[in-house]
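Chain residues, written in single-letter form:
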Amino acid sequence: MGRVPRETSTPSSSSSASDSAVSTSVTETVNGSHQFKITGYLLSKGSGVGKYIASDTFMVGGYLWAVYFYPDGKSPEDNVAYISLFIALASEGTDVRALFELTLLDQSGKEMHKVHSHFGRTLESGPYALKYRGNMWGYKRFFKRSLLEQSDYLKDDCLSVHCSVGVVKSHTEGPKIYFIAVPPSNIGHHFGQLLEHGKGTDVNFEVDGEVFPAHKLVLVARSPVFRAQLFGPMKDHNTEQIAVEDMEAPVFKALLHFIYWDSLPNMEELIGLNSKWASTLMSQHLLAAADRYGLDRLRLICEANLCDGIAINTVATTLALAEQHHCFLLKAVCLKFVAMPENLRAVMQTDGFEYMKESCTTVLSELLEYVGRVNEHPVIVCRHGNEAILDESDANGRRLFFSYFKDLVGREVTVELKNDLAIRGTLHSVDQYLNIKLENTRVVDQDKYPHMLSVRNCFIRGSVVRYVQLPPDGVDIELLHDATRREARGG
């Protein structure tokens, strides 16, 4: 939308020089467009000079417009040698000033469109003025017909025309002396008052010995689970008192508060404790409740709060919760936090970590991978005995060891990671990046890594491996050394 502002000042009297006002005249265009597809072009030929095909009308700037296509031209003197294309005012209007653009679209994909436009250039006489309904702007000789029929503008006997109109509008903006203030929406407050006053409640929930009255229509409008519970085929017939299991009363109260107010209550007032730990604990319980009742926005709010409040003594419980309720972003944040060297040992000593080991054993494998990434500087030189040390700087050496490892699938190997964790297990698979999958795993130093006792299968990134200890009878050492020397010489 183009704007041409012009400022005008109201002259002030000499006796009151400070009483001045400023107004601004603004001239701009209200823009719109329409695409007109013309099929059956060959059949339209021969309809006669001055005969047209019109598009549907479209609205721009408060006026109706239409595109007129003349397959045999608009003027007899052209002897049907050209097609004509025009834009017409299709509604009542006087001196409607506008800018126009007509584009015949190239249908080959090369975007070599044929464009006639007022936009983006200086017009000596200004915008075109249409005096009455049916008044037109366009070109009698828009395109030579013989050239058109051999061009990429015509495809499958079809033409496509894009039309743009910019209606010129002017208005004056003065100082706003009078205004009416409109308050922000307070519908949430009204619903919240409905809950607090308890008027018109028609369902009761019994939670941990406390009774919470509510309104069915509000609940079903906010939660698909309440909708099924109260109005679905399996609805509870006894709505005088519906028992809610496995939830504490303050959590359900906070849930109801969000449903009515669309915001969280003051957690410290709700639980009677003024501590960050208590607020985190409530967010954990409320996240589970939000997932249970399908309140996606509440769940994201709880995720954000838990992310902001992540700490040593709560992160393991939050990680387990994120895994159980499919909170992938929160889970990733927790894994990265726990895997940091300065955090890992302290987190492992918390009760939450013990809970996570028992309830979410699959997370331990992912945690192991995150721990390995912390010092990620991968793999390839050869060392004494049956130990292969990996160094990413040598891609040829990587391929060399890959060829040996493939032959060891099904054999027992020991993999030591860069964080000193050593894992023994059956080699299930290995890829060209030396990513390793082990089955029937066990930790070499079980006293140091007790949390790994329940892990039976794991995937290990090649970039976190310090060395792989091969079975003594698994590799021809001399052949390996010889191959390594040949790789180093380049062949």
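Residues numbered from 1 in each chain as written. Predicted model: local features only at pLDDT ≥ 70, side-chain atom pairs only at ≥ 80, totals over all residues. Heavy atoms only, no water.

1. A closer look at the overall build of the chain
The following threshold applies: What counts as a helix is a DSSP run of H or I of at least four residues, what counts as a strand is a run of E of at least two, and both are numbered from the N terminus. A simple rule labels every residue: compare its accessible area, found with a 1.4 Å probe on the protein chains alone, to the largest value its type can have, and call it buried under 20%, exposed over 50%, or partly exposed in between. We get accessible surface area from the Shrake-Rupley algorithm with a probe of 1.4 Å; when it comes to residues, only the shown protein chains can shield them.
Looking only at helices and strands, one finds 16 helices and 21 strands in the chain. Expressed as a percentage of the 491 residues in the chain, the buried residues total 42%. Element-wise, carbon and sulfur atoms account for 51% of the exposed surface of the chain, whose accessible area totals about 27200 Å².

2. Digging into helix α13 (residues 351-359)
The test is simple: For this quantity, the arc is that covered by the directions from the helix axis to the C-beta atoms.
Within the span of α13, buried status applies to G352, F353, M356 and K357. Projected down its long axis, α13 shows its buried positions confined to an angular sector of 140 degrees, all on one face. Counted as exposed and oriented over 90 degrees from the buried face of α13: D351 and E358.

3. Considering unusual backbone geometry
For D157, which is not a glycine, the phi torsion comes out positive at approximately 60 degrees. Secondary-structure assignment places D157 in the loop between α2 (145-148) and β11 (158-173). Among the residues examined, D157 registers a relative accessible area of 25% and is labelled partly exposed. Here D262, not a glycine, exhibits a phi torsion of approximately 60 degrees, which is positive. Residue placement: D262 occurs in the loop between α6 (249-261) and α7 (267-271). For D262, a relative accessible area of 35% gives the class partly exposed.

4. Thoughts on the confidence of the model for the chain
Low-pLDDT portions of the prediction should not be read for the details of their coordinates. Put simply, the rule reads: Per-residue confidence from the prediction method is given by pLDDT, with values spanning 0 to 100. Throughout, a contact is declared for two residues whenever any of their heavy atoms are within 4.5 Å.
Per-chain confidence: the chain averages 81 in pLDDT, with 84% of residues scoring 70 or above. Of all secondary-structure elements in the chain, the lowest mean pLDDT belongs to strand β15 (residues 380-382), at 29, while strand β5 (residues 63-70) reaches the highest, 94. Below pLDDT 50 for its whole length, residues 1-16 participates in 31 contacts with residues either more than four positions away or in separate chains. Low confidence marks residues 375-397, where pLDDT is under 50. Its contacts with residues over four positions away, or in another chain, come to 59 contacts.

5. Notes on the sheet that holds strand β12 (residues 203-207)
Condition: Any two strands with at least two DSSP bridges between them are considered paired.
The three strands lie next to each other as β13-β12-β14, forming an open sheet whose pairing is mixed. Of all the strands in the sheet, the pair left with one neighbour each is β13 (210-214) and β14 (242-243). With two bridges joining them, β12 and β14 adopt parallel strand pairing. In the sheet register, E206 faces β14, and the bridge partner there is A243.

6. Quick notes on the pattern of salt bridges
Keep this limit in mind: A carboxyl oxygen of Asp or Glu within 4 Å of a side-chain nitrogen of Lys or Arg is what we treat as a salt bridge.
Applying the stated rule across the entire model yields 12 salt bridges. The salt bridge involving R141 is made with D78; its shortest N-O contact spans 2.7 Å. Residue R141 is located in strand β10 (residues 136-144), and its partner D78 is located in the loop between β5 and β6 (82-89); the two are separated by 63 residues in the primary sequence. Look at R141 and you get exposed, because its relative accessible area is 51%. E303 serves as the salt-bridge partner of R299, at 3.9 Å between the closest nitrogen and oxygen. Here R299 and its partner E303 are both found in helix α9 (residues 296-308), four residues apart, which amounts to about one turn of the helix. Taking the relative accessible area as the measure of exposure, R299 reaches 19% and is therefore buried. Bridged by salt links that share partners, the residues R222, D262 and R297 form one connected network.

7. What to know about the packing of α6 against helix α8 (residues 276-292)
The criterion, for reference: The axes are straight lines fitted to the C-alpha atoms, using for helices just the contacting stretch, and the angles between their N-to-C directions are given from 0 to 180°. For any pair of crossing helices, the crossing counts as left-handed if the nearer helix is rotated counterclockwise from the farther one by less than a right angle, and right-handed if it is rotated clockwise. Each residue gets one of three labels, nonpolar for Ala, Val, Leu, Ile, Met, Phe, Trp, Tyr, Cys and Pro, charged for Asp, Glu, Lys and Arg, and polar for the others, Gly among them.
Between α6 and α8, whose axes approach to 10 Å, the crossing angle comes to 65 degrees. In the crossing of α6 with α8, the sense of the turn from one axis to the other is right-handed. Contacts between α6 and α8 involve P250, V251, A254 and L255 from the first element and M282, H285, L286, A289 and A290 from the second. Grouping the constituent residues of the contact of α6 with α8 by class yields eight nonpolar, one polar and no charged.

8. Section: the packing of aromatic side chains
In plain terms, the rule: Note on aromatic contacts: the rings of Phe and Tyr and the six-membered ring of Trp form a pair at centre separations within 6.5 Å, being stacked when their planes are under 30 degrees apart, edge-to-face when over 60 apart, and tilted otherwise.
Counted under the stated rule, the structure contains 13 aromatic pairs. Judged by centre distance (6.3 Å) and plane angle (65 degrees), the rings of Y139 and F142 are edge-to-face. Note on Y139: relative accessible area 27%, which makes it partly exposed. For F142, a relative accessible area of 2% corresponds to the buried category. The structure contains a cluster of three or more aromatic residues connected by ring pairs, namely W65, F100, Y128, W137, Y139 and F142.

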